[in-house]
Amino acid sequence: MKRMLLLPLVFVIFGCSSESKRVWFIDSPDGQTVTLPLTLKFGVEGIDLVPAGERPNDPGAGHHHIIVDGDAIAYGTIITADNPKWLHYGKAQTEATLTEKELPKGKHKLTLQYGDWEHKSYGPTLAQTITVTVK
């Protein structure tokens, strides 16, 4: 009987593993040669996917961005819309199709970066970087 009472206490004190947060490219083409158009699917765990502007100041919500030929963006940095290499998916999209406009022929680094309601980066801990070569 005492053992059953301790288990809930452990979860209250230490939390459960479902609290980890991460983003990733589903079925990632990392290291592959690809043809265009390239459709990428986004995964997210432990943080809600919501459109930009919704749930202001909520650290438990955000949306995806792709940084073309760049690394993860420092925590708190605004992922501006005026940079053509920073692609925004502020309608809470779960996938994107990239064309020659975003990815000319050659090798590219693609970073999936999560941002908050006003496009502030959650930093490297909520990012994943892959490389692809466009044929």
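Residues numbered from 1 in each chain as written. Predicted model: local features only at pLDDT ≥ 70, side-chain atom pairs only at ≥ 80, totals over all residues. Heavy atoms only, no water.

1. Some words on the overall build of the chain
Definition in use: Think of it this way: any DSSP run of H or I at least four residues long counts as a helix, any run of E at least two long counts as a strand, and we number them from the N terminus. We call two residues contacting when some pair of their heavy atoms lies within 4.5 Å. Surface accessibility in these figures is a Shrake-Rupley result with a 1.4 Å probe; residues are shielded only by whichever protein chains are displayed.
Secondary structure assignment for the chain yields 1 helix and 9 strands. Sequence-distant contacts, at least 24 apart, represent 67% of the contacts inside the chain between residues at least 6 apart. Of the roughly 8,100 Å² of accessible surface on the chain, a fraction of 57% belongs to carbon and sulfur atoms.

2. Things to note about the sheet that holds strand S7 (residues 95–98)
Hydrogen bonding along the main chain pairs the strands of a sheet, whether they run parallel or antiparallel. Quick note on the threshold: A pair of strands is considered paired only if DSSP assigns at least 2 bridges between the two. Axes here refer to lines fitted to C-alpha atoms; in helices the fit is confined to the stretch in contact. Angles between the N-to-C directions go from 0 to 180 degrees.
Read across the open sheet, the 3 strands follow the order S1-S3-S7; overall the sheet is antiparallel. If you trace the sheet from one side to the other, it starts and ends with strand S1 (22–26) and S7, each paired once. On average, each strand axis in the sheet is tilted by 25 degrees relative to the strand beside it, whichever way the strands run. Pairing of strand S3 (residues 38–45) with S7 involves 4 bridges; the strand directions are antiparallel. Across the sheet, residue Thr-39 finds its bridge partner in S7, namely Thr-97.

3. Section: the environment of Lys-109
Rule in force here: Think of a polar contact as two N or O atoms within 3.5 Å of one another; within protein, one of them needs to be a possible hydrogen donor and the other a possible acceptor, and neighboring residues in sequence only count if both atoms come from side chains.
Mapped onto the fold, Lys-109 is located in strand S8 (residues 106–115). Sequence separation between Lys-109 and Thr-131 is 22 residues, and the spatial gap between their C-alpha atoms is 4.4 Å. Each residue touching Lys-109, except ones within four places of it in the same chain, is listed here: Ile-67, Val-68, Asp-69, Gly-70, Asp-71, Thr-129, Ile-130 and Thr-131. Separated by 2.6 Å, the side chains of Lys-109 and Asp-71 make a polar contact.

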